[in-house]
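Descriptive structure summary
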Amino acid sequence: MAELKIAMGIWGNTNLADRFNVDGFGDFVPVLDRIKQVGEIEGIDGFELHLPTEINESNADDVERVANDYGLQMVQLCGHTWTERQYKFGALADSDPKVRANAVARVKAALDMGVRFNVPISVLWPATDGNDFPLQVDYVALYDRYVDSVRRILEHIHRNSYTTKLCIEPKPFEPRSWIMMGTTAQALCIVNEVDDPSFGMNLDVGHSLIARENIEDQLSLICRYDRLYHTHFNDNDQQCDADQPPGTVNFIRLVSIMYVLDQHGYDGWYGLDLFPYRDDPVKFMEISRDNLRLAKRVVGLLNEKGARDLRAAGTYGPEMAVLMRDCIRAVS
Ligand SMILES: [Mn+2]
């Protein structure tokens, strides 16, 4: 089996605030130090970040130098469109054409910046496009405007012959009470409507979990249309998007997700979207790497022991549960 390609989102390995502690419990870590920290961890070979919060014209040369020093691939560069005042009520789907144009320009700027780094993925997270109050927004109009913005970005990609793939990362809620297109199948519906090979999906496991989705089903559906371009791994107990290391809350579920990815021949990156509010980010990354590797070995053993045949009939639930348990025990 090929080695897992793991990347860390460097928004996570610094001081992290939450709404009950807006100052956070830690210390701010400069971006270059965060990249170095990732680079020093064996088995993590890439990083993800946002423009302009973590990379911009003023530090791009330094980011490039440090990434090269550590042999790290910039895997995902995302235009940041959810903290400035103008994005309070939306970004790519905002009702104000100026805000929308600024959001489109921000995503394009991230794509332009990504070229020198050969970035394969750029994520769209519709964080503030949504509603808090019932009937606050007209979702028909939101979808019209969102798709129009996406088409403008895709035109930019094609006009410049960029190879970067644009991916929607759906999330059902937070920061808004409801974020538009909040479930996997909804986002996939828009991806299929736009029907452009440069436009696909990033499934964030934690987001799918808080939407109470059956991730095996959702991943299989995305793969049915060959639109799974990226993944974000983390774990939570389906109460909030806690962004704990993958497999720490429910290891069997991690194995199941990895099994489905293996079944479909997923060869993309395993992104880590982690928020160690109270804990050491290095520990979070190491546990994530180790759990992903362990789950992958379990998947290998499941394949060897005939999981495929057991699954085919759909009638061997208890047998599958025992096989899962025995395979986890065997590789541990
Ligand atoms: Mn994510």
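Below is a short write-up of the structure.

**Let's talk about helix H7 (residues 215-224)**
Along H7, the residues classified as buried are Gln218, Leu219 and Ile222. Each buried residue of H7 sits inside an arc of 95° when the element is viewed along its axis, so together they form one side. Looking at the buried positions of H7, the neighbouring elements they touch are helix H5 (184-194), strand S8 (199-204), helix H6 (205-210), strand S9 (228-233) and helix H8 (251-263). Following H7 by one or two positions, aspartate 226 has its phi on the positive side, about 55°.

**Side note on the packing of H5 against H7**
The relative placement of two packed helices comes down to the angle between their axes together with the axis-to-axis distance. Where H5 meets H7, the axes come as close as 10 Å, and the angle between the chain directions of the two elements is 10°. As the angle between them shows, H5 and H7 are arranged roughly parallel. Along its contact with H5, which presents Thr184, Ala185 and Leu188, the element H7 presents Gln218, Leu221 and Ile222. Grouping the amino acids of the contact of H5 with H7 by side-chain chemistry returns four nonpolar, two polar and no charged.

**Re the packing of H7 against H8**
Two elements in contact, H7 and H8, have axes whose closest approach is 9 Å; the angle formed by their N-to-C orientations is 20°. The angle between the axes of H7 and H8 places the two elements in the roughly parallel class. Considering only the axes of H7 and H8, their crossing is right-handed. Here Ile215, Glu216, Leu219 and Ser220 of H7 lie close against H8, whose contacting residues are Ser256, Ile257, Val260 and Leu261. Along the lines of polarity and charge, the residues of the contact of H7 with H8 split into five nonpolar, two polar and one charged.

**A few points about the nonpolar core**
Membership of the largest hydrophobic core comes to 84 residues, with the highest contact counts inside it found for Ile35, Phe47 and Met201. Here phenylalanine 47 is in contact with Ala7, Met8, Ile10, Ile35, Val38, Leu72, Met74 and Val75, once residues within four sequence places are set aside.

**Considering the pairing of S8**
Of all six residues making up S8, six are buried, and the element is well covered by its neighbours. Sheet topology places strand S6 (residues 165-168) next to S8; three bridges connect them, and they run parallel. Looking across to S8, one finds that cysteine 167 is bridged to glycine 200. In the sheet, S8 pairs with S9 via four bridges, with the strands oriented parallel. In the sheet register, leucine 203 faces S9, and the bridge partner there is threonine 231.

**Some details on the pairing of S9**
Strand residues, when the strand is regular, have side chains that alternate between the two faces of the sheet. Counted residue by residue, S9 has six buried out of six residues, so it is predominantly covered. The sheet contact formed by S9 and strand S10 (residues 270-272) spans three bridges and is parallel. When the bridges of S10 are listed, threonine 231 appears paired with tyrosine 270. With H8 bridging S9 and the parallel S10, this β-α-β connection has right-handed handedness.

How each quantity is defined
Residues numbered from 1 in each chain as written. Predicted model: local features only at pLDDT ≥ 70, side-chain atom pairs only at ≥ 80, totals over all residues. Buried ≥ 20, exposed ≤ 12 C-beta atoms within 10 Å, placed from the backbone. Helix = DSSP H or I, 4+ residues; strand = E, 2+ residues; numbered from the N terminus. Arc of directions from axis to C-beta. Contact = placed C-beta atoms within 7 Å. Axes fitted to C-alpha atoms, helices over the stretch in contact; angles between N-to-C directions. Parallel < 35°, antiparallel > 145°, perpendicular 65-115°, else oblique. Nonpolar A, V, L, I, M, F, W, Y, C, P; charged D, E, K, R; others polar. Left-handed = near helix turned anticlockwise from the far one by under 90°. Core = buried A, V, L, I, M, F, W, Y, C linked by C-beta atoms within 7 Å. Pairing = 2+ DSSP bridges. Right-handed = clockwise from strand over helix to strand, strands pointing away.

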